[in-house]
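Commentary on secondary and tertiary structure
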Amino acid sequence: MALKIVKGSIDRMFDKNLQDLVRGIRNHKEDEAKYISTCIDEIKQELKQDNIAVKANAVCKLTYLQMLGYDVSWAAFNIVEVMSSSKFTYKRIGYLAASQCFHESTDVIMLTTNQIRKDLSSPNQYDTGVALTGLSCFVTPDLARDLANDIMTLMSHTKPYIRKKAVLIMYKVFLKYPESLRPAFPRLKEKLEDPDPGVQSAAVNVICELARRNPKNYLSLAPLFFKLMTSSTNNWVLIKIIKLFGALTPLEPRLGKKLIEPLTNLIHSTSAMSLLYECVNTVIAGQYWFSVGSKELCVQKLRILIEDSDQNLKYLGLLAMSKILKTHPKSVQSHKDLILQCLDDKDESIRLRALDLLYGMVSKKNLMEIVKKLMLHVDKAEGTTYRDELLTKIIDICSQSNYQYITNFEWYISILVELTRLEGTRHGHLIASQMLDVAIRVKAIRVFAVAQMATLLDNAHLLTGNMQRNGICEVLYAAAWICGEFSEHLENPMQTLEAMLRPKVATLPGHIQAVYVQNAAKLFATILKSQEGNTDSTAAQDTSQLMIDRLPLFVQSANLEVQERASCILQLVKYIQKLQQKDVEVAEEVNALFAGELNPVAPKAQKKVPVPEGLDLDAWINEPPSESESEDEQPKAIFAKEEPKHSRPRHTEVDEKELARRREARKQEQANNPFYIKASPSSQKVYQDAPGVEHIPVVQIDLSVPLKVPGLPMSDQYVKLEEERRQKERAEKKKKEKKKRKEKRSGRGKKHDSGPESEEDITPAHQVDIVTEEMPEVKENHSSKFSNIFFLHLLFWVCDDKKSSKHKKKKQKKEKEEKEKKKKKKHHHHHHHSDGGGEESVQNGTVEEEEPLPVSLSHRLINPQVVYDIQGNLQDGSQVVVSVIFENKCDSFLKSMEFNVLDSLNSKLQRPEGSGPHDGLTVPFQLPPGVSNEARFVFTVQSIVMPQKLKGTLTFIVKVDSSTHEKLDFKLHFTCTSYLITTPCYSDAFAKLLESGDLKGSSVRLEGVNMPFHHLLARICFHHHFSIVERIDSCASMYSRSIQGHHVCLLVKTSGQTVSIDAKCDEPTLLGNVLDEIKQTFSQC
Amino acid sequence: MFFSFMLLFSRQGKLRLQKWYVPLSDKEKKKITRELVQTVLARKPKMCSFLEWRDLKIVYKRYASLYFCCAIEDQDNELITLEIIHRYVELLDKYFGSVCELDIIFNFEKAYFILDEFLLGGEAQETSKKNVLKAIEQADLLQEEKILKVYIN
């Protein structure tokens, strides 16, 4: 025996110990992995030996390797072996290894229960200690259940060293095995008064944590904790207790009163920042229960923290301030100076915190000043991230709650224009949408906005000159639209028109060019109008000539949208020119093209339009054939239910209260909102009895005021103007007060008396149209986006000229499936194409399968067959995944395929970040002859109500002997039906839907349909993704749902060869298109 | 207050010590470590010691070439966490006698033992430095006695 031990010891001397291992790793920096793998081999050898010392050494080394990221789970059993050693030295190492390497799914843990129990009851306190420490890291529900009693006993151990560990670990046991809490709690409570401060603090810790999870069970302990709080001097314990009270006060408000004194004392007296911070935080969190004075004290203390040179205190001070801000913005606002100072801090996280605070601090009074400061920071800011953050914050601050704090919109437009000068910002889009929003909703600002936008257009080269500033060219979109739409306000429309038609414009992104072209036409109309009034008719003709000269550039554009608009407008102008040459006055008619004003409309506004008397929207326009009517009594009843007789009254009854409530709330809101302008005179009447709203003075913009103050950035002058304006107002107000004619404004909220001018007294210079009606519902309807998968099966055939005839078109799996389903072999081909392929595919589709195609090009796309299989799910993203199957039908190897699609405004191919809007996507595979493979492309689609085609090209390299570059054009046809998802619907839900009255109707009639009714239905189901709700004889109701949640309901009736389809949908355009597509399907049979 | 985990890593991003008080798989641990080390090292020296990360708050402090980094929950006190970190550094300093990174590398198990006497399950168990060191010394003594015994036998 002795010999064996000696031998083991000698062996050990030759083993690597931990230090050797660490040193070795440091010496093998180049081939660390290799070195470690040899070490692991050694360790495996060592673990096989009987000597526990050798094993412990090996386990120790493994623990180190585990930290370096190596998997040591294979040695779990050896770790248990070392843990069970009777010697403390090894046991310690074993438990350390276990606490580092074991987790809940380590299966050997269940072998350790008895060993741990033995260690817990060991006479040596360090054995027990080590076991408790280890257990705290890897305790599982099983271990917790089995050992809870043992640990509970240890809570009353004679040695405080064990007691405190046992108390602390009880928390972990409670988490894993909640049933243990009830029996253990009395003993835990006892420990709150343990003579040893360590044990006491451990008990406080555990109870605090428990109370945070479920405060109400611990209310009874409040007196005990109160005693502890007033007697303890240990900051660690005090922090815990204060936190506990923070959790208890909401349940027992009386505690607040009692606590405030000791808390205030602590805030005043403590030198420990952590304790001070805890007190302040608790008072802030429980501000409803604490008095106002204590809050002021907190704000003062926070100011001291923020003023401290220690970055940490500054940060925490701002963090706590933002919590006060939520409930008491006033008390924070007085520290505006300090918070603005923090914007200069060198620490970005502090600057961001300060920015957050500013958002909540703005008022009508200080908005301009704050934004001015922020603009200064924008200029100074280093790094685009922070600058972009500033930019979005400025816009957030200004636009929050419907521009509530903006009193002068000229100023805001100038700010937006100034922001466009920012180098390299990503937020051009944000600025653009703000410009559009303000110009549309604030009528009074249009003159000014148009002038500014015209300047922007004129200086467009400054924005687009630098490629890095690409993001900013989005504002040109807004500028062009505003100039076009409100062109009557333009001072020099001719100049703007020329700016819009510069050749340089063709370098802008497609969607912007499209807006340019469209708005150039609007401008053209306006110019014609002004020029025709003059006697000089050549001016008007010159303008037309200018259009005719410049537009062809856009007609050639690669962007479809631009091309289409440009060619359309070009033809129009040419026609106008012809008329002009005959001295016909055309201006009025041209203007009629763009007549009418675009107003912001609430999505549900249509509901408010009363149905004219005598108009029954549900009545037949043309009486349906009598025979079918008599036949289809049953299903028709479903449709008829929506008729006013019985359903309407019930419907309104339910809603009347709700509507009234909403109307009341809205009235209140509008009355409170000085910016609200009434939509129609009739509604004005309604509100007239709420005085005040109408009487808010609207200051006319005095355009004689010079808009450009030399030497000042544009927006600055408004700050000055605003001051003057307010002073004037104040003077007027005083006058009024003297006359004691101060009107009490009902419903305008409480008056805050803070200083000479209160928030409410600042009148706006411009009004905003606010569309507040049922805003939240917009989201539901339109932005609920779905992720869908389209399976676009794009089969193409690449072949050499001569060989083409030898190739037969392969039948696709999908087609086969379809065939089986349809059991209509003859017509299969046609339907298939008519489903998705559009006209072209129809043409090609008529070619018999065996016949060669007349291939004239060297390579040719035979036929884009589109099989949509939408797996629409109610998930985020308006994304559509198009799965394309590429099949190589020639004898050559194809590689380097690049897939590209010309984006439209509505649908865009998603490209990886950093690539341009016209870049193609590399297809991630190559195609050997005869092989097919599938690739997926993601498209974002905004509107689904219209079908559309996207043109695309596929470029690839054909490898025969030498490589040649080839190109293949194709079209992706996104039909409206393809946005529908087959959704089952029960007849009662279906009836309810029709009753709701939200759906618009439409109908279509198919003649000469020569097929059994069930085939007809099956065809609609298959091709157009409907499901049958109910079918009775020759009549059926069908339902489908679009990916954006539109309901589409059909009632299909047949008599002889005539099929009539009555349809209802909440989106008439979508419905029209779906019906057209259904019609097309049947016209081809 | 219970910590979620504590990490020690060098300026080069090498992990020197890790203690997890929440059960996580090795994969998750590695991912979190990598992410945090990168985030913390990317911060400038003058920046404050706190950052919000996922739903946790990270408190870190640099001592010489080592970063000490703790994860606490939303309602926890950042300043007391900094104090705990500091207390641990003081303990290491006392134990090793002006501690340096190499001490922790070569005696990493000792660094763990000290941490385990100071924190248990992520909670400070002993606020007195003296008591912690006493416990460690006695345990060490026990260990050395046993090693001696082995050699004598």
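Nothing here was measured: the structure is a model prediction, and the numbers come from that model.

Another point: helix 14 (residues 235–248) of chain A. Here helix 14 of chain A is 14 residues long and its end C-alpha atoms lie 20 Å apart, about the 20 Å a rise of 1.5 Å per residue gives. Residues of helix 14 of chain A that are buried in the fold lie against helix 12 (197–213), helix 13 (222–231), helix 15 (254–269) and helix 16 (273–285) of chain A together with helix 2 (78–96) and strand 7 (123–124) of chain B. You can read the cap of helix 14 of chain A off the contacts: a side-chain oxygen lies 2.9 Å from the backbone nitrogen of Trp 236 of chain A, and it is on Asn 234 of chain A.

On to the pairing of strand 13 (residues 1047–1055) of chain A. Residue and element names in this part refer to chain A. Burial analysis of strand 13 places 9 of its 9 residues in the buried class, the great majority of the element. A two-sided burial pattern is seen for strand 13, the buried positions comprising His 1047, Cys 1049, Leu 1051, Lys 1053 and Ser 1055 on one face and Val 1048, Leu 1050, Val 1052 and Thr 1054 on the other. Pairing between strand 12 (residues 1035–1042) and strand 13: 7 bridges, direction antiparallel. Its bridge partner being in strand 13, Cys 1035 is matched across the sheet by Lys 1053. As paired elements, strand 13 and strand 14 (residues 1058–1065) share 8 bridges and run antiparallel to each other. When the bridges of strand 14 are listed, Cys 1049 appears paired with Lys 1064.

Right, let's talk about the interface of chain B and chain A for a bit. Each partner contributes to the interface: chain B provides 61 residues, whereas chain A provides 65 residues. Roughly 6,000 Å² is buried in total at the junction of chain B and chain A, and carbon and sulfur atoms are behind 58% of that figure. Where chain B meets chain A, there are 7 salt bridges. For Lys 240 of chain A, the salt bridge identified is with Glu 123 of chain B, shortest N-O distance 3.5 Å. Linking chain B with chain A are 27 residue pairs in polar contact (both at pLDDT 80 or more). Among the secondary structure elements, those contributing two or more residues to the side of chain B that touches chain A are strand 2 (15–20), helix 1 (26–42), strand 3 (50–53), helix 2, helix 3 (101–106), helix 4 (108–118), strand 7 and helix 5 (129–152) of chain B.

By convention here, two paired aromatic rings are described through the distance between centres and the angle between planes. Enumeration over the complete set of coordinates arrives at 19 aromatic pairs over all chains. Both rings, one in Tyr 315 of chain A and one in Phe 50 of chain B, keep their centres 5.9 Å apart while their planes meet at 45°; by these two values the pair is tilted. Here Tyr 315 of chain A is found in helix 18 (residues 311–327), whereas its partner Phe 50 of chain B is found in strand 3 on a different chain. Since its relative accessible area comes to 5%, Tyr 315 of chain A is described here as buried. When the centroid spacing of 5.1 Å and the interplanar angle of 85° are considered together, the rings of Tyr 95 of chain B and Phe 96 of chain B count as edge-to-face. Taking relative accessible area as the criterion, Tyr 95 of chain B reaches 24% and is therefore assigned partly exposed. Taken together, the ring pairs connect Tyr 403, Phe 409, Trp 411 and Tyr 412 of chain A into an aromatic cluster. Sitting above the plane of the Phe 226 of chain A ring, Lys 258 of chain A keeps its charged end 4.3 Å from the centroid. Sitting over the ring of Tyr 63 of chain B, Lys 61 of chain B keeps its end group 5.8 Å from the ring centre.

Moving on to the sheet that holds strand 5 (residues 921–922) of chain A. Residues and elements named next belong to chain A. Pairing is antiparallel in the open sheet, where 4 strands are placed in the order 5-3-7-8. A single partner strand is all that each edge strand has here, and the edge strands are strand 5 and strand 8 (963–974). As defined by bridge partners, strand 3 (residues 893–901) adjoins strand 7 (residues 948–959) across 7 bridges and the pair is classed as antiparallel. Residue pairing for strand 7: Leu 894 is matched across the bridge by Val 958.

As a further point, take the confidence of the model for chain B. All names here are of chain B. With 93% of its residues at a pLDDT of 70 or more, chain B has an overall mean of 87. Across chain B, the secondary-structure element scoring lowest on mean pLDDT is helix 5, at 76, and the one scoring highest is strand 5 (residues 66–72), at 94. ipTM for the predicted complex: 0.93, alongside a pTM of 0.59.

Here the focus is helix 13 of chain A. Residues of helix 13 of chain A that are buried: Ala 222, Leu 224, Phe 225, Phe 226, Leu 228 and Met 229 of chain A. Taken together, the buried residues of helix 13 of chain A touch helix 12, helix 14 and helix 15 of chain A.

Right, let's talk about the nonpolar core for a bit. Membership of the largest hydrophobic core comes to 286 residues, with the highest contact counts inside it found for Phe 102 and Tyr 412 of chain A together with Tyr 88 of chain B. Ranked by residues supplied to this core, first place goes to helix 30 (residues 510–533) of chain A with 12 residues. Discounting chain neighbours no more than four positions away, the residues touching Phe 102 of chain A are Ala 76, Ile 79, Val 80, Met 83, Ala 97, Val 108, Ile 109 and Phe 138 of chain A. Judged by nonpolar contacts, the second largest core, of 30 residues, contains Val 884, Val 901, Val 958 and Ile 981 of chain A.

So, about the pattern of salt bridges. Residue and element names in this part refer to chain A. Going through the model one piece at a time under the given rule, you end up with 44 salt bridges over all chains. Between Glu 81 and Lys 55 there is a salt bridge, with its nearest N and O atoms 3.1 Å apart. Linking Glu 81 in helix 5 (residues 76–83) with Lys 55 in helix 4 (residues 52–67), this pair joins segments that are 26 residues apart in sequence. Since its relative accessible area comes to 26%, Glu 81 is described here as partly exposed. Judged by relative accessible area, Lys 55 falls into the buried class, the value being 9%.

Once that is clear, we can look at the sheet that holds strand 3 of chain B. Residues and elements named next belong to chain B. Spatially, the 5 strands line up as an open sheet ordered 2-1-5-4-3, and their pairing is antiparallel. Edge strands, defined here as strands with exactly one partner in the open sheet, are strand 2 and strand 3. Direction aside, the axes of adjacent strands within the sheet are offset by 20° on average. As paired elements, strand 3 and strand 4 (residues 56–63) share 4 bridges and run antiparallel to each other.

Criteria and thresholds
- Residues numbered from 1 in each chain as written.
- Chains lettered and ligands numbered in written order.
- Predicted model: local features only at pLDDT ≥ 70, side-chain atom pairs only at ≥ 80, totals over all residues.
- Heavy atoms only, no water.
- Helix = DSSP H or I, 4+ residues; strand = E, 2+ residues; numbered from the N terminus.
- Expected span 1.5 Å × (residues − 1).
- Contact = heavy atoms within 4.5 Å.
- Polar contact = N/O pair within 3.5 Å; in protein donor to acceptor, adjacent residues only side chain to side chain.
- Buried < 20%, exposed > 50% of the residue type's maximum accessible area, 1.4 Å probe, protein only.
- Pairing = 2+ DSSP bridges.
- Buried area = accessible area lost by both parts, 1.4 Å probe.
- Salt bridge = Lys/Arg side-chain N within 4 Å of Asp/Glu carboxyl O.
- Phe/Tyr/Trp six-rings, centres within 6.5 Å; stacked < 30°, edge-to-face > 60°.
- Lys NZ or Arg CZ within 6 Å of the ring centre and 35° of its normal.
- pLDDT = per-residue confidence, 0-100.
- Core = buried A, V, L, I, M, F, W, Y, C linked by side-chain atoms within 4.5 Å.
- Axes fitted to C-alpha atoms, helices over the stretch in contact; angles between N-to-C directions.

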